[in-house]
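# Working through the structure, step by step
Next come the chains, spelled out residue by residue.
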Protein chains: 2
Amino acid sequence: MARLESSSVIEMNKINLAEKFSLFDETWTPKLVGELNGQHVKLAKIKGEFVWHTHDNADEMFLVIKGSITIELRDQRVDLNEGEFFIVPRGVEHRPIAVDEAHIMLFEPAGTVNTGAVEYEFTVRDPERI
Amino acid sequence: MARLESSSVIEMNKINLAEKFSLFDETWTPKLVGELNGQHVKLAKIKGEFVWHTHDNADEMFLVIKGSITIELRDQRVDLNEGEFFIVPRGVEHRPIAVDEAHIMLFEPAGTVNTGAVEYEFTVRDPERI
């Protein structure tokens, strides 16, 4: 491991999740933190009930980084704790809920709007990159 | 929140990372745990030095779930601790290293081979789904 120990340490765009979450307070406002293969990696703080919506052409992954959330589907609910994820298939109506503030990571195609085709007070069409 | 409390709890394919990591011991053997939008979500345990390789057509995201790793590039290194991620752009030669066993989540296009075009003892062409 001599090479490792003697090499200079230059960190190129590594992302620290806790640091990124410390940069914003607002809920239901996904922030863009990574992009690869046409997909976006976003972070969001959520609290309360979101709006029912569907992504017709995007599967959406919710990974809980801190706290607990529920993904409500029309016929069932999925409770997720820290270290758990769930993929909502395209076309499936869903509604995220968090009783207490929770921090989540989202994976979805670039351009995915957080409320799908629904216009809502929290609709974000062009997420801020942090 | 009465609706939530009274609804039945049916968990559809949620993934608990710790539970999945408990299902295997081998290192350098990515396991498939999710698929969305043509991308794969994989979990791997790594320890030691991997082989230098490149993915010509795939960006690859490394998220550290437990422990610490280093992504060596030819001209720099990226040290990642738990809760940090790094995206290796397509075409960039790299080598993951972990001094002590570390647990990582990978996010990359379906069909990405862990050693790129390099044939190696740890090459996995068809990862097991767990």
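Refer to the structure printed above.
Within each chain, residues carry numbers counting from 1 in the order of the written sequence. Written order decides the labels, with chains lettered from A and ligands numbered from 1. Local features in a predicted model are, by the rule used here, given only for residues with pLDDT of at least 70; side-chain atom pairs are given and counted only at 80 or more, and totals for whole chains, interfaces and linings are based on all residues. Heavy atoms from the whole structure form the basis of all side-chain values; hydrogens and water molecules are not counted.

### Focus on the overall build of chain A
For helices the rule is a DSSP run of H or I covering at least 4 residues; for strands it is a run of E covering at least 2, with both sets numbered from the N terminus onward. Assigned secondary structure in chain A consists of 2 helices and 8 strands. Going from the N terminus to the C terminus, chain A shows its helices and strands as α-β-α-β-β-β-β-β-β-β. Structurally, chain A occupies a C-alpha span of about 55 × 30 × 25 Å along its principal axes. To sort residues, take the accessible area from a 1.4 Å probe on protein chains only and compare it with the maximum for the residue type: under 20% means buried, over 50% means exposed, and anything in between is partly exposed. Looking at chain A as a whole, 55% of its 130 residues qualify as buried. A contact between two residues is defined here by any heavy atoms of the two lying within 4.5 Å. Sequence separation of at least 24 residues holds for 65% of the intrachain contacts in chain A that already meet a minimum separation of 6. Throughout, the Shrake-Rupley method with a 1.4 Å probe supplies accessible areas, and for residues the shown protein chains are the sole cover considered. When the accessible surface of chain A is summed, it comes to about 5,800 Å², and 46% of that surface belongs to carbon and sulfur atoms. With 14 positive and 23 negative side-chain charges, chain A shows a separation of 3 Å between the mean positions of the two kinds. By the counting rule applied here, Lys and Arg register as positive and Asp and Glu as negative, while His and the ends of each chain are not counted. In plain terms, the charge of a residue is placed at NZ if it is Lys, CZ if Arg, CG if Asp and CD if Glu.

### Let's talk about the nonpolar core
Throughout, nonpolar core names a set of buried Ala, Val, Leu, Ile, Met, Phe, Trp, Tyr and Cys residues whose side chains join them through atoms within 4.5 Å. With 29 residues, the main nonpolar core has Met61, Phe85 and Met105 of chain A together with Met61, Phe85 and Met105 of chain B as its most contacted residues. If we skip the residues at most four places from it in the chain, Met105 of chain B touches Met61, Leu63 and Phe85 of chain A together with Leu17, Val41, Lys42, Leu43, Met61, Phe62, Leu63 and Ile65 of chain B.

### Quick word on the pattern of salt bridges
Residue and element names in this part refer to chain A. The term salt bridge refers to a pairing of a side-chain nitrogen on Lys or Arg with a carboxyl oxygen on Asp or Glu at a separation within 4 Å. The final tally for this structure, using the stated rule, is 22 salt bridges over all chains. Close ionic contact of Glu108 with Lys42 constitutes a salt bridge, the shortest N to O distance being 2.7 Å. Of the two residues, Glu108 is situated in strand β8 (residues 94–109) and Lys42 in strand β3 (residues 39–49); the sequence distance between them amounts to 66 residues. The two residues Glu108 and Lys42 agree in class, both being buried. A cluster of three or more residues bridged by salt bridges with shared partners is formed by Glu26, Lys31 and Glu128.

### Concerning the interface of chain B and chain A
At the interface, 50 residues of chain B touch 50 residues of chain A. Summed over both sides, the interface between chain B and chain A buries roughly 4,100 Å², with carbon and sulfur atoms accounting for 59% of that surface. Counting across the interface, chain B meets chain A through 2 salt bridges. One salt bridge in this structure joins Lys14 of chain B and Glu84 of chain A, with 3.0 Å as the shortest N-O distance. Side-chain atoms alone can form a polar contact between residues adjacent in sequence; in general such a contact is a pair of N or O atoms within 3.5 Å, and within protein one must be able to donate a hydrogen while the other accepts it. Where chain B packs against chain A, one counts 14 residue pairs in polar contact (both at pLDDT 80 or more). At 6 residues, strand β8 (residues 94–109) of chain B tops the list of elements feeding residues into the side of chain B that touches chain A. We define buried area as the total accessible area lost by two parts upon association, computed with a 1.4 Å probe and summed across both.

Coordinates in, geometry out; function isn't part of it.
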